[in-house]
Amino acid sequence: MFDYKGIRDNADAYWQNIRDRNVRGADPYRVGELYDRFREITQGINGMQTELNHASKEISLAKRRKDEGSLDRGAEELTERAAALKQKIKGLHAELQEVEAQLAEEASKIPNLTHPGVPVGDESQAREIYRYGGSASREAEEVHDHYDLALGLGIADISAGARVAGSRFHYWTGAGVLLEQALVQFTLQRAIERGYVPYAVPEMARADIVGACGFRPRNTHYSSEDGGSSSSEPSQIYQVRPVAVEAHEADNAQNPLCMIATAEIPLVAYHAGRVFNYPPPDMMRPAEKGGPGQARAWMPEQGLQNEALPVRMVGVSHCFRAEAGARGRDTRGLYRLHQFTKVELVALTTRHHSDAMLEEIREVQESIFRDLGLTFRVLDMPTQELGNAAYRKYDIEAWMPGRNGWGEISSASNCTDYQSRRLGIRYRSNEVEEGEGEGKRRKHRSLQF
């Protein structure tokens, strides 16, 4: 599930990465200590089990050699020794279970490593790598923001949403409903043309699935040495408490249902426990140097195409986010809602092609926004803006004259093997590499848009 050995052997690099990301509570050295103890206990159990097996064989032989009656002195000593070994093994198993639980808990706090090209620091260090469209300024004398436009056109009702569900909920009304559906269909069709297979996903997932995808409370801090103060970033995930009679309280308490913050969660988890084949079948065009290969447009008669890598998926869902901590102008109107509709791109590929797949997803995003006529820019986000799962993340921001500023409209992340390890997703390589046999299994990389 976790790369314990990799964390232990590269603890210094992980520690520097944790500092660069400003993450609190993660300790790769502690993981290393627990991993060594885990291996020590495991080796001890294996040694004692071998000795126990040998003693059991000797006892059986002694019993067969003797006529009915008591065993000789040697057999009695072996029996006593076997009983003592069983007790020691039982105790070690109990300790092993406890250490293993601590090891998994500590390893789960370790964020993914970071691409060497990512800027180090907070949001102010974001690097603009692409810009498209007109001037990013208020050119008109009178500019209306989206909130005033939506109310004036009668396409959204914010106050009704607040009365029914609370703040930061809304109704789409009239032409607004048609507009949202048109944008969803436009984006879906563009993704399908690029080989992404469409999915409609569950909008709830178990907490362990949500956590495996990297969506969990993420604590940050500024050390006192830097003149900062400790602070915690609250979770953005909603948990669901079922009241139906058939709901089991104990099960829900241990692994509660959560509302999904993005379709990425059920899309990636769809393949949990699966072993893929690689390289891909003939339906894929030859891969460009360093790339995963360009997919043809998906057609319904082709089926799901999820037996071999790369796998491309596009999902549509409502998304639910607490948006805890968001205040003021950023929450006006239809910005930072608790519920919204989103089209999500997910791709699963090999470790060698993960960077190239990230660029492919980014290019799909850019082409959609260009065709919509938006003025937008792409930012390479710095270390402190990366979630635990992300190895690298691009944010795409559109110029919003009504806000007189840029606002995020999309993002794309390379999560390498962070999610696939936690969900047990692997691939079997059909290529023979130097020093390796056929059919060797490796962890694969999963990417999100």
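Placed above this text is the structure.
This one's a predicted model, so the numbers in the text were calculated from it and none came from an experiment.

Trainee: I would appreciate a short explanation of the packing of aromatic side chains in the present structure.
Mentor: Any pair of aromatic rings gets described here by the distance separating the centres and the angle formed by the planes. In total, this model carries eight aromatic pairs according to the counting rule given. Each ring, one from Y132 and one from F376, has its centre 5.6 Å from the other, and the planes form 35°; the classification is tilted. Of the two residues, Y132 is situated in strand 1 (residues 127–132) and F376 in strand 13 (residues 376–380); the sequence distance between them amounts to 244 residues. Among the aromatic residues, those joined into a ring-pair cluster are Y130, Y132, F369 and F376. Residue placement shows R362 over the ring face of Y394; its charged tip is 5.1 Å from the ring centre. It is R403 that lies over the ring of Y335; its NZ or CZ is 4.3 Å from the centre.

Trainee: What exactly am I supposed to notice about the pattern of salt bridges here?
Mentor: Where charged atoms of side chains with opposite charge meet at close range, the side chains can pair. Scanning the entire structure with this criterion turns up 25 salt bridges. Here R362 and E359 are joined by a salt bridge, their closest N and O atoms 3.1 Å apart. Here R362 pairs with E359, and both are found in helix 11 (residues 354–371), just three residues apart, close to one helical turn. Linking D395 and K393 is a salt bridge whose minimum nitrogen-to-oxygen distance equals 3.6 Å.

Trainee: Is there a simple way to think about the side chain of S410 in this case?
Mentor: Counting through the fold element by element, S410 comes out in strand 15 (residues 405–414). Only 2.6 Å separates the side chain of S410 from the side chain of Q365, close enough to count as a polar contact.

Thresholds applied
Residues numbered from 1 in each chain as written. Predicted model: local features only at pLDDT ≥ 70, side-chain atom pairs only at ≥ 80, totals over all residues. Heavy atoms only, no water. Phe/Tyr/Trp six-rings, centres within 6.5 Å; stacked < 30°, edge-to-face > 60°. Helix = DSSP H or I, 4+ residues; strand = E, 2+ residues; numbered from the N terminus. Lys NZ or Arg CZ within 6 Å of the ring centre and 35° of its normal. Salt bridge = Lys/Arg side-chain N within 4 Å of Asp/Glu carboxyl O. Polar contact = N/O pair within 3.5 Å; in protein donor to acceptor, adjacent residues only side chain to side chain.

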